[in-house]
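Summary of the model geometry
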Amino acid sequence: MHVAVITNCTPDTAADVAVDAGGNLKVDDKLVVNPWDEYAITEAILLKEAHNAQVSILTLGGPEHEEALKHGLAIGCDQAIRIWDDALQGWDSLAFAKAVAAAIGKLGDVDLVLFGKELPDIASDAHIFQTARKLGWTPLGFVAKIEALDPAAGTIRVKRQVESGTETVTSRLPAVISVLKDINEPKYPTFIGIRKAAKASMPVWSLADLGLDAAAVAPKAKRLAYQDLPKREGAVEMIDDPALLVDKLLEEKVI
Amino acid sequence: MSVFVWIEVHDGQPIPASFEALGLARQLGDRVTGLVFGQGIDDAVKAAFAHGADAVIKADDASLARYRFEPYVALLAGLVQEHNPAIVLAAATTSGRELLAGAAADVEGGLLTDVTELSLDGDKLKAVRPVLGGKVLSVETVTAGGPQFATLRSRAFPQPEPDASRSGDVIDAAPALAEDAIAAKVESIESAGGQISLTDATIIVAGGRGVGGPEGFAPIKELAETLGGAVGASRAAVDAGWIPYEHQVGQTGKVVSPDLYIAAGISGAIQHQAGMRTAKVIVAINKDADAPIFKLARYGMAGDLFDILPRLNEEFRKKLNK
Ligand SMILES: Cc1cc2nc3c(=O)[nH]c(=O)nc-3n(C[C@H](O)[C@H](O)[C@H](O)COP(=O)(O)OP(=O)(O)OC[C@H]3O[C@@H](n4cnc5c(N)ncnc54)[C@H](O)[C@@H]3O)c2cc1C
Ligand SMILES: Nc1ncnc2c1ncn2[C@@H]1O[C@H](COP(=O)(O)O)[C@@H](O)[C@H]1O
């Protein structure tokens, strides 16, 4: 069995961010592995342990995303690949999906693709479902548990957590899944793992390597600028008497 | 301009966020078509007209009884190809986000997700959406021609007043996939039950580590019940096992924007703020008067939540005659 896990780096949730006059983002901290991806990477390693799977970890982005690949290698992924090309600058979800689907195709024998639930810096999960669609595979989003996986029969059973409740779904492999945070206890790299990862080579696959041209990944949506949040008016009003608070809230017409 | 709106149906009824999408569609275009897929969906079709649809495309079939990616995406993408609407909208629920992403991939359309503002700049959609845990806004636009797709954050757009006298053409559509062509089979469902969905809730009462244990949620639940609201929680309370993950608000939980958010025993960490910052009115109850949650709140009460919440509940019951 061959499992591919897709990861990216993202600004730390605790980092201070600011928007300059030109609408550009200033982040006062270095990037971290997308916290959602830590669950996806750990799940891939658990599948490796349970099914003797081969695990490939892939990212799409500049060299600043190699940290996420190294993290994966350090906890046991077998190979790491970075997808990048100048023509991918300003990628939208569809461009991401096409390039990643092509890379999965190039790997050839992938049975399962794992993603973390979303990418916080684009605040979106669209690239996950579009990758599945471009592969022609079933996406199983918002997976809280992989209940059964039978590589020989080519079947998977998962619990998905969606708005209307929890679904138990079976599907065929190959499939694409996005995982929620409760799916496992993230593994952290050991010192030896980190040393090994530091020495590993991480090939970069360009569009040409993927059999794509720039026109195929021309973005269909783009960011124009970042903006600061509108300022909240006024400071907090401290209240001692519950009756007074109730009156204020009734006046605000929020009840 | 023709606008398609996917009407998300749960238990035979559209969700409120689908009505919000219909309301926005009327502002963006001059012909609004509601797409209602499912089984036994006549009430939902009526509701779509009442909330602003000029026409409805209805696909009523056992294979569509519950949302599944493959049959829904194939059906929606086929309808978009056939009718060529300028814009396709849906609520940014788990299902809506999957469905529009899949259909946009099929027809190679531009996609803007989980938007809180949406307008037309010429003939292209332009959106504002919170990113990075809601710490900044991103202004984005579609650049490609052809159908444009957007998913709308629940409660970011007003719900139109229903008008039961409205009606229009109903076009029947057949499913695009036969059941044996669909890989995913739903074996069982544990329904979220009668609880009010956090993302649709107008009032949320939330508890954090300060409630001290599972039984500490009792006064939170009581107040939520008095107010007809939903129960939220911080990650600390969820991780401690005091309340299920479905209740978690924040960066790794749900993003909510109720009219009223009452946070009790929650310090207001940046990751919690990511989920509730856009609430209209925030009330903080915390025994530490320096807790960061007070910087976000409109009203604050410094003190013990076990003392304050029952008294608040009492006052509300009196004044709301409950
Ligand atoms: C990657 C990442 C993602 C995260 N995602 C989320 C998320 O989605 N949601 C989330 O909430 N957190 C999230 N967190 C965790 C977050 O950083 C905080 O740890 C968490 O929100 C703290 O929860 P809390 O406010 O309940 O607990 P605490 O910070 O411990 O605060 C408890 C508060 O209760 C008050 N208190 C105690 N007793 C009483 C009493 N009797 N009466 C009144 N007040 C009392 C205390 O003064 C204190 O302010 C995330 C963290 C990381 C690193
Ligand atoms: N409209 C968009 N949708 C999704 N991702 C985007 C969009 N615009 C920019 N990005 C991504 O956001 C990051 C910063 O963009 P840029 O500054 O254009 O390089 C990159 O990963 C972009 O590909």
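Here the structure is a predicted model, which means the values were calculated and not measured.

**Quick word on unusual backbone geometry**
Residue and element names in this part refer to chain A. The residue after Leu 173, namely Pro 174, is reached through a cis peptide bond having omega 0°. Secondary-structure assignment places Pro 174 in the loop between strand S11 (165-172) and strand S12 (175-179). The residue Phe 142 is not glycine, and still its phi comes out positive at about 60°. Along the chain, Phe 142 turns up in strand S9 (residues 138-150).

**So, the pairing of strand S8 (residues 117-121) of chain B**
Residue and element names in this part refer to chain B. Bridge count for S8 against strand S9 (residues 124-131) is five bridges, and the pairing is antiparallel. Considered in S9, the bridge of Leu 120 is made with Leu 125. What sits between S8 and S9 in their antiparallel hairpin is a turn of two residues, with Gly 122 showing a positive phi close to 65°.

**Regarding the nonpolar core**
Ranked by internal contacts, the top residues of the largest apolar core, which has 96 residues, are Phe 37 and Ile 285 of chain B. When residues of this core are assigned to their parent elements, the largest contribution, nine residues, is made by helix H3 (residues 93-107) of chain A. When residues of this core are assigned to domains, at least three fall in each of domain 1 (2-181) and domain 2 (203-319) of chain B. With residues near it in sequence (within four places) discarded, Phe 37 of chain B still touches Trp 6, Val 9, Ala 59, Leu 64, Tyr 72, Leu 75, Leu 76 and Leu 79 of chain B.

**Brief notes about the sheet that holds strand S6 (residues 87-91) of chain B**
Residues and elements named next belong to chain B. Spatially, the seven strands line up as an open sheet ordered S7-S11-S6-S1-S4-S5-S12, and their pairing is parallel. What marks the edges here is a single partner per strand, and that holds for strand S7 (110-115) and strand S12 (169-172). Put simply, the sheet's adjacent strands are angled 20° from each other on average, direction ignored. Where S6 meets strand S11 (residues 148-152), five bridges bridge the pair, whose relative direction is parallel.

**Overview of the site of ligand 2**
All residues in the neighbourhood of ligand 2 are listed as Gln 89, Gly 90, Trp 91, Ile 122, Ala 221, Lys 222 and Arg 223 of chain A together with Glu 140 of chain B. The local environment of ligand 2 is shared, drawing residues from chains A and B. Here Gln 89 of chain A contributes a side-chain N or O atom positioned 3.2 Å from an oxygen atom of ligand 2. Within the side chain of Trp 91 of chain A, one N or O atom sits 3.0 Å away from an oxygen atom of ligand 2. Burial of ligand 2 by the protein amounts to 69% of the accessible area it has alone, namely 480 Å².

**Regarding the site of ligand 1**
All names here are of chain B. As a matter of local geometry, ligand 1 sits amid 26 residues, with Arg 209, Ser 234, Thr 252, Ser 267 and Gln 271 nearest to it. Separating an oxygen atom of ligand 1 from a side-chain N or O atom of Gln 248 is a distance of 2.9 Å. In this structure, Ser 267 approaches ligand 1 through a side-chain N or O atom, which is 2.6 Å from an oxygen atom. Elements supplying a minimum of two residues to the shell around ligand 1: helix H6 (235-239), helix H7 (270-276) and helix H9 (305-319). Here the shell around ligand 1 is built from residues that sort into seven nonpolar, 14 polar and five charged.

**Quick notes on helix H4 (residues 126-135) of chain A**
Residue and element names in this part refer to chain A. Burial of H4 is extensive: eight of the ten residues sit out of reach of the surface. Within the span of H4, buried status applies to Ala 126, His 127, Ile 128, Phe 129, Gln 130, Thr 131, Ala 132 and Leu 135. One or two positions beyond H4, positive phi appears at Gly 136, with a value near 75°.

**Some points on the sheet that holds S8 of chain B**
Taken together, the four strands give an open sheet; going across it, the order is S14(A)-S10(B)-S9(B)-S8(B), and neighbouring strands pair in antiparallel fashion. Both outer strands of the open sheet, strand S14 (221-227) of chain A together with S8 of chain B, are each paired with one neighbouring strand and no more. Taken over all neighbouring pairs, the strand axes of this sheet differ in orientation by 25° on average, direction set aside.

**Regarding the domain arrangement of chain B**
When the parts come together, some accessible area is lost, and that loss is often what is quoted as the size of the interface. Residue and element names in this part refer to chain B. Each assigned domain of chain B is listed with its residue range as follows: domain 1 (2-181) and domain 2 (203-319). Distance between the C-alpha centres of domain 1 and domain 2: 32 Å. Across the contact, six residues belong to domain 1 and seven residues belong to domain 2. Taking both sides of the interface into account, the surface hidden between domain 1 and domain 2 amounts to around 550 Å²; carbon and sulfur atoms contribute 44%. Its largest share of buried area at the contact with domain 2, domain 1 owes to Gly 133, Arg 153 and Arg 155, together 68% of the area lost on that side.

**Some remarks on the packing of aromatic side chains**
Aromatic ring pairs: the centre-centre distance and the angle between the two ring planes describe each pair. With the rule as written, the count across this model stands at six aromatic pairs over all chains. Judged by centre distance (5.2 Å) and plane angle (50°), the rings of Trp 91 of chain A and Phe 96 of chain A are tilted. Among the residues examined, Trp 91 of chain A registers a relative accessible area of 22% and is labelled partly exposed. Taking the centre distance of 5.5 Å and the plane angle of 65° together, the rings of Phe 37 of chain B and Tyr 72 of chain B count as edge-to-face. A residue pair is termed long-range when its members are at least 10 positions apart, and Phe 37 of chain B in strand S4 (residues 31-38) and Tyr 72 of chain B in helix H3 (residues 69-83) qualify at 35 residues. With respect to burial, Phe 37 of chain B and Tyr 72 of chain B carry one shared label: buried.

Quick notes on the rules
- Residues numbered from 1 in each chain as written.
- Chains lettered and ligands numbered in written order.
- Predicted model: local features only at pLDDT ≥ 70, side-chain atom pairs only at ≥ 80, totals over all residues.
- Heavy atoms only, no water.
- Helix = DSSP H or I, 4+ residues; strand = E, 2+ residues; numbered from the N terminus.
- Pairing = 2+ DSSP bridges.
- Core = buried A, V, L, I, M, F, W, Y, C linked by side-chain atoms within 4.5 Å.
- Buried < 20%, exposed > 50% of the residue type's maximum accessible area, 1.4 Å probe, protein only.
- Domains from an automatic or database assignment.
- Contact = heavy atoms within 4.5 Å.
- Axes fitted to C-alpha atoms, helices over the stretch in contact; angles between N-to-C directions.
- Near = heavy atom within 4 Å.
- Polar contact = N/O pair within 3.5 Å; in protein donor to acceptor, adjacent residues only side chain to side chain.
- Areas by Shrake-Rupley, 256 points an atom, 1.4 Å probe, with all protein chains shown as cover.
- Nonpolar A, V, L, I, M, F, W, Y, C, P; charged D, E, K, R; others polar.
- Buried area = accessible area lost by both parts, 1.4 Å probe.
- Phe/Tyr/Trp six-rings, centres within 6.5 Å; stacked < 30°, edge-to-face > 60°.

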